[in-house]
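# Secondary and tertiary structure notes
Listed below are the residues making up each chain.
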Amino acid sequence: MTNLLLLKSSYLFSKLMKKAKHKGMPFSLSIEPTTACNLGCPECPSGLKQFTRPTGKLDLNLHKKMLQELKRSVFYINYYFQGEPFLHPQFLELIKEAKKNKIYTATSTNAHFIDQQKAEEIAKSGLDRLIVSIDGLTQETYENYRINGELNKVIQGTEFLIEAKKKLNSSTPHLIFQFLAVKPNEHEIPQVFELGKEMGIDEVRIKSAQLYDYENGNPLMPENEKYSRYKLQANGTYKLKYKTGNHCWRMWSSSVLTWDGKIVPCCFDKDAQHVLGSIGDQTFKKTWNSEKYRSFRQAILSNRNEIDICKNCSEGAKVWV
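Everything numeric here is computed off the predicted structure, so don't read it as measured data. (Residues numbered from 1 in each chain as written. Predicted model: local features only at pLDDT ≥ 70, side-chain atom pairs only at ≥ 80, totals over all residues. Heavy atoms only, no water.)

## Describing unusual backbone geometry
Cis geometry marks the peptide bond from Thr172 to Pro173, where omega comes out at 0°. Tracing the backbone through its elements, the reader meets Pro173 in the loop between helix H6 (151-167) and strand E5 (174-181). Positive phi values are uncommon outside glycine, yet Ala272 reaches one of about 50°. Mapped onto the fold, Ala272 is located in the loop between strand E10 (262-264) and strand E11 (277-278). (Helix = DSSP H or I, 4+ residues; strand = E, 2+ residues; numbered from the N terminus.)

## Let's talk about empty space enclosed by the protein
Under the definition given, this model contains two cavities of 30 Å³ or more. Lining the largest cavity are 10 residues; nearest its centre among them are Cys248, Met251, Cys266, Cys310 and Cys313. Looking at the lining of the largest cavity, the elements that each hand over two or more residues are helix H8 (250-253) and helix H10 (291-303). Residue composition of the lining of the largest cavity, by class: seven nonpolar, no polar and three charged. (1 Å grid on protein atoms, 1.4 Å probe; cavity = no way out; pocket = protein on both sides within 12 Å on 5 of 7 lines; lining within 4 Å. Points joined across faces, edges and corners; volume = space filled by probe spheres on them. Nonpolar A, V, L, I, M, F, W, Y, C, P; charged D, E, K, R; others polar.)

## Here's the deal with the layout of surface pockets
Estimated volume of the second largest pocket: approximately 360 Å³. As for the second largest pocket, its lining consists of 17 residues, and the residues nearest its centre are Pro45, Tyr212, Phe268, Lys270 and Asp271.

## Observations regarding the packing of aromatic side chains
The final tally for this structure, using the stated rule, is 10 aromatic pairs. With centroids separated by 5.2 Å and ring planes inclined at 15°, the aromatic side chains of Phe27 and Phe75 adopt a geometry described as stacked. Separated by 48 residues along the polypeptide, Phe27 in the loop between helix H1 (2-17) and strand E1 (28-31) and Phe75 in the loop between helix H2 (60-70) and strand E2 (76-78) bring together distant segments of the chain. Looking at Phe27, the relative accessible area reads 17%, which means it is buried. Ring pairing ties together the aromatic residues Tyr11, Phe27, Phe75, Trp249 and Trp252, which thus form one cluster. Here the basic side chain of Arg53 rests over the ring of Phe51, its NZ or CZ set 4.7 Å away from the ring centre. (Phe/Tyr/Trp six-rings, centres within 6.5 Å; stacked < 30°, edge-to-face > 60°. Buried < 20%, exposed > 50% of the residue type's maximum accessible area, 1.4 Å probe, protein only. Lys NZ or Arg CZ within 6 Å of the ring centre and 35° of its normal.)

## Digging into the pairing of E5
In terms of burial, E5 is a largely internal element, seven of the eight residues being buried. Two strands pair when backbone bridges link them, and E5 and strand E6 (residues 203-208) are joined in this way by six bridges, in the parallel orientation. Opposite Ile176, over in E6, you have Glu203 as the bridge partner. On the question of chirality, the crossover connecting E5 to the parallel E6 by way of helix H7 (residues 189-199) is right-handed. (Pairing = 2+ DSSP bridges. Right-handed = clockwise from strand over helix to strand, strands pointing away.)

## Considerations on the pattern of salt bridges
Applying the stated criterion across every chain yields a total of 15 salt bridges. Between Arg53 and Glu32 there is a salt bridge, and its shortest N-O distance comes to 2.8 Å. Here Arg53 is found in the loop between E1 and H2, whereas its partner Glu32 is found in the loop between E1 and H2, with 21 residues between them in sequence. (Salt bridge = Lys/Arg side-chain N within 4 Å of Asp/Glu carboxyl O.)

## Things to note about a nonpolar patch on the surface
A cluster of nonpolar side chains, Phe13, Leu16 and Met17, forms an exposed patch at the surface whose accessible area comes to about 340 Å². When you line up the elements, Phe13 lands in helix H1. A residue is classified by how much of its surface remains accessible, and Phe13, at 42% relative accessible area, is partly exposed. (Patch = residues over 30% accessible without salt bridge, like charges linked within 9 Å, V, L, I, M, F, W, Y side chains within 5 Å. Areas by Shrake-Rupley, 256 points an atom, 1.4 Å probe, with all protein chains shown as cover.)

## Quick look at the environment of Tyr76
With respect to the helices and strands, Tyr76 occurs in strand E2. Sequence separation of Tyr76 and Thr105 is 29 residues, and the distance between their C-alpha atoms is 6.0 Å. Among residues more than four places away in sequence, those in contact with Tyr76 are Phe27, Ser28, Leu29, Ile103, Tyr104, Ala106 and Arg129. A polar side-chain atom of Tyr76 sits 2.6 Å from a polar atom in the side chain of Arg129. (Contact = heavy atoms within 4.5 Å. Polar contact = N/O pair within 3.5 Å; in protein donor to acceptor, adjacent residues only side chain to side chain.)

## Some thoughts on H10
Between its terminal C-alpha atoms H10 stretches 18 Å, which fits the 18 Å expected from 13 residues at 1.5 Å a residue. Residues Tyr293, Phe296, Arg297, Gln298, Ile300 and Leu301 constitute the buried set of H10. On the buried face of H10, the contacting elements are H1, H8, strand E9 (254-257), E10 and helix H9 (284-288). (Expected span 1.5 Å × (residues − 1).)

Keep in mind these values describe shape, not function.
In structure tokens, the structure reads:
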């Protein structure tokens, strides 16, 4: 509780005074199991194989080092950044290690690698929350975005998870169907709620899509503006619906660790272009309190829209619809 108060108070002070002051350690992390992915989604640098950084998987010993340094402050870890987590052959060992330290764990998957045995292993692992990306209710609409994907594998993998939870009398993982709203699938949005109810999914979310090229429209942009992050202007171009402002709570409350131990400011730095330090070089705490990290926070407070990764950011915006 003291740590949270330090984080919040220092953030509010910085926001008010426009001067980066920081106290406390992050309570939330994103840790990347792997950058590898089996799909080719058109708005994902991992799927498009466009990373300048190498593809790899998180070493178990490096992961233990991360937890050792941060377990006192962190109580939530999202084991997802880029890539498909279940392509890491020891992914559930990461979850088990975090649960030993009483940390809430979550991840997101395209569900192509969940058979009956894996589903039971997931239910036994202690994973608290699992987002299953479905993004279409027919193969035609699904593969329009989830290129190289198979909808039947998503449905079957989810069914295995539901069966495993019942068999083991487990309340976890909390299962979420996530439906990324794009033009080819937006007509199916009402039906995804019906499917979730029929199957016994715990929650259904409609997520608005981040599009890299949106100013002049985009074939993936939904026709219904309710499902879009972008708004049509009088001159025929599009802009972000939401005002971001020169502030960002994420820079005070959380951080992102890549599979090879690099520390980057947030999940919008997908290609790790703003590396602030590395777990392998020095302690996380030293990086977190470094001049380099402070300077990045100050840049956020001074002119956030000049930072490349912040220009299309949803922080403070309504992502779920």
